[in-house]
Amino acid sequence: MGQTITILGLESSCDDTAAAVVRAGSGAGPETGAEILSSVVEGQVALHAGFGGVVPEIAARAHAERLDLCTEAALAAAGIGLDAIDAVAVTAGPGLIGGVLSGVMFAKGLAAGAALPLIGVNHLAGHALTPRLTDGVAFPYLMLLVSGGHCQFLLVRGADDFTRLGGTIDDAPGEAFDKTAKLLGLPQPGGPAVEAEARTGDPARFAFPRPLLDRAGCDLSFSGLKTALLRARDAVAAPQGGLTRADRADLCAGFQAAVRDVLVEKSRRALALYLALGPADPVFAVAGGVAANASLRAALTDLATGLGVRFLAPPLRLCTDNAAMIAWAGVERFRMGHRDGMDLAARPRWPLDRRSPALNGSGRKGPKS
Ligand code: KG4
Ligand code: ZN
């Protein structure tokens with residue numbers, strides 16, 4: 001490889017404090033090769049456990065306390081010092097404003113102290129550009145972001161060129177999984193627990209709605225499903241004084257099938273819009289914690305394969321919140337000549353697609369776009 005650039009990435013927009021070092025060729029495009037030298041993620045689950053959700057003030061304080069230690073750990077794991085870093089990339093939004101501010105202020109201090117360029121990164125761009133870091137995917141590709149805080153289809157045409165084809169108008173699917181688990185007395189995070197129960201359940205016993213399938217386009221809605229689940233649970237539990245193991249499994253299977261069906265049908269529509277562009281090597285990529293769901297993954301793989309599209313799911317540690325994706329987005333922006341000044345703002349909302357109207361809804365993890 002010719003000349004390389006090495007970027008330190010920082011992430012603190014929700015409940016993970018993360019720092020990572022990514023090295024890549026200085027030429028344009030992922031084909032010049034990228035390497036994750038280190039990726040440190042410190043979750044805050046224990047800090048928020050007693051509160052039933054992420055407490056923004058606690059999150060912000062923990063980020064402020066841990067960012068320097070995470071950075072030190074990431075540099076040590078990469079085996080380099082700050083002198084080997086070419087720029088500091090930091091999540092400047094969207095997210096919980098206290099956490100984003102902690103990250104942006106820390107990054108400014110670090111960049112100013114070490115005389116390094118500063119690059120503000122959109123957290124969603126970090127997720128959306130990950131397939132280029134992991135698999136060297138070329139533009140344009142289709143991305144489905146499905147996590148506890150986000151749900152949107154993005155047409156990715158360039159490192160700074162995103163078109164949102166649709167997204168949730170209320171809850172994110174991960175949120176719906178977590179609430180379902182709560183309603184059924186299952187542990188958090190709800191996704192893996194609901195998926196495990198669903199394995200032995202009958203998805204046809206309860207008729208859950210498939211929200212917004214009757215509406216054209218790629219928008220989604222998940223809050224009604226949670227209400228439907230609550231009703232179904234109470235209808236079964238009231239006469240028999242509780243739920244049996246089989247009831248719980250059937251409720252989970254029915255709920256999971258509804259989420260999957262809706263995501264598959266909306267993906268079909270998004271893929272049609274994407275394929276109309278005539279991409280040479282069509283790719284459909286997913287990111288976010290919900291992409292870990294085996295039933296959803298299998299259905300999306302079938303859908304894509306049937307249409308002659310390569311389906312890509314980056315490794316889970318790079319699908320969920322991390323700083324390697326922020327460092328990589330920093331690489332892309334650095335190559336485009338983008339630099340930010342000390343006036344870089346922390347933004348609670350920051351839509352990737354400046355042309356589409358803003359989404360409604362602000363989930364438990366903060367604003368979604
Ligand atoms: O991307 P992520 O780690 O964090 C953000 O939300 O930003 O995603 C976490 C979400 C949680 O809501 C969790 O319940 C969900 O992803 N999740 C799953 C599965 N594993 C994690 N949902 C469905 N099935 C799974 N296997
Ligand atoms: Zn995220």
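This report concerns the structure included in the present document.

Conventions we followed
- Residues numbered from 1 in each chain as written.
- Chains lettered and ligands numbered in written order.
- Predicted model: local features only at pLDDT ≥ 70, side-chain atom pairs only at ≥ 80, totals over all residues.
- Heavy atoms only, no water.
- Helix = DSSP H or I, 4+ residues; strand = E, 2+ residues; numbered from the N terminus.
- Rg over C-alpha atoms; globule rule 2.2 N^0.38 Å.
- Buried < 20%, exposed > 50% of the residue type's maximum accessible area, 1.4 Å probe, protein only.
- Core = buried A, V, L, I, M, F, W, Y, C linked by side-chain atoms within 4.5 Å.
- Domains from an automatic or database assignment.
- Contact = heavy atoms within 4.5 Å.
- Near = heavy atom within 4 Å.
- Polar contact = N/O pair within 3.5 Å; in protein donor to acceptor, adjacent residues only side chain to side chain.
- Areas by Shrake-Rupley, 256 points an atom, 1.4 Å probe, with all protein chains shown as cover.
- Nonpolar A, V, L, I, M, F, W, Y, C, P; charged D, E, K, R; others polar.
- Donors = N, O, S within 2.8 Å, 3.2 Å for Na, K, Ca; no water.
- Patch = residues over 30% accessible without salt bridge, like charges linked within 9 Å, V, L, I, M, F, W, Y side chains within 5 Å.
- Salt bridge = Lys/Arg side-chain N within 4 Å of Asp/Glu carboxyl O.
- Pairing = 2+ DSSP bridges.
- Right-handed = clockwise from strand over helix to strand, strands pointing away.

When you go through the protein residue by residue, the secondary structure sums to eleven helices and twelve strands. Against the globule reference of 21 Å for 369 residues, the protein gives a C-alpha radius of gyration of 21 Å, in line with a compact fold. With respect to the principal axes defined by its C-alpha atoms, the protein has extents near 70 × 50 × 35 Å. Going through the 369 residues of the protein one by one, you find that 56% of them count as buried.

Side chains of nonpolar character tend, in soluble globular proteins, to be buried together. Counting 86 residues, the largest nonpolar core has M143, F208, F255, L263 and F284 as its most contacted members. Ranked by residues supplied to this core, first place goes to helix α8 (residues 245-275) with twelve residues. No fewer than three residues from each of domain 1 (4-135 + 318-367) and domain 2 (141-316) sit in this core. Not counting residues up to four positions away in its chain, the partners in contact with F255 are A176, F177, T180, V194, F208, L225 and L229.

What surrounds ligand 1 is a group of 20 residues, the closest being G148, D178, G191, E195 and G289. Here an oxygen atom of ligand 1 and a side-chain polar atom of D178 are 2.6 Å apart. Isolated, ligand 1 exposes 550 Å² of accessible area, and the fraction of that covered by the protein chains is 90%. At the level of secondary structure, the elements contributing two or more residues to the shell around ligand 1 comprise α5 (173-183) and α6 (190-198). Among the elements that line the shell around ligand 1, the one with the most residues is α6, at four residues. Counted by class, the shell around ligand 1 contains five nonpolar, ten polar and five charged residues. Residues from two domains meet in the shell around ligand 1; each of domain 1 (4-135 + 318-367) and domain 2 (141-316) gives at least three.

Turning our eyes to something else, we now look at the environment of L116. Tracing the chain through its elements places L116 in the loop between α3 (97-114) and β5 (118-122). Excluding residues that lie within four positions of it along the chain, L116 makes contacts with L82, I85, D86, A87, V88 and A111.

Take the environment of E197 next. Position of E197 relative to the elements: it lies in helix α6. Relative accessible area serves as the criterion here: at 11%, E197 is assigned to the buried category. Leaving out residues up to four positions away in the same chain, E197 has contacts with L186, R245, R248, A249 and C252.

The zinc ion (ligand 2) binds to the protein through H123 (NE2), H127 (NE2) and D321 (OD); the donor distances cover 2.1 to 2.2 Å. Considered as a linear motif, the donors of the zinc ion (ligand 2) on their single chain read H-x3-H-x193-D. Here H127 is found in helix α4 (residues 123-135), whereas its partner D321 is found in the loop between α10 (316-319) and α11 (324-335), with 194 residues between them in sequence.

There is a patch of nonpolar side chains on the surface, built from I97, L101 and M105 and spanning about 270 Å² of accessible area. Mapped onto the secondary structure, M105 falls in helix α3. When its relative accessible area of 55% is taken as the criterion, M105 is described as exposed.

So, on to the pattern of salt bridges. Considering all chains together, one arrives at 15 salt bridges under this definition. With its nearest N and O atoms 2.9 Å apart, the salt bridge here joins D234 to R233. Ionic pairing is found between D281 and R310, a salt bridge with its closest N-O pair at 3.1 Å. In this pair, D281 is assigned in the loop between α8 and β9 (283-287) and R310 in strand β10 (residues 310-312), connecting sequence segments 29 residues apart. Judged by relative accessible area, which is 46%, D281 ranks as partly exposed. One salt-bridge network, in which partners are shared between bridges, spans D171, E175, K179 and K226.

Taking burial as the measure, the five residues of β9 include five buried ones, the bulk of the element. Burial along β9 is two-sided: V283, A285 and A287 facing one way and F284 and V286 facing the other are all buried. As judged from the four bridges shared by strand β6 (residues 141-146) and β9, these two strands associate in the parallel manner. From the neighbouring strand, L144 faces β9, where its bridge partner is V286. Between the parallel pair β9 and β10, the chain is carried across by helix α9 (residues 294-306), and the sense of this crossover is right-handed.

Counting buried residues along α6, seven of its nine residues qualify, which places the element largely inside the surrounding structure. When we look at burial in α6, the residues that qualify are G190, G191, A193, V194, E195, E197 and A198.

Nothing here speaks to function; it is all geometry.
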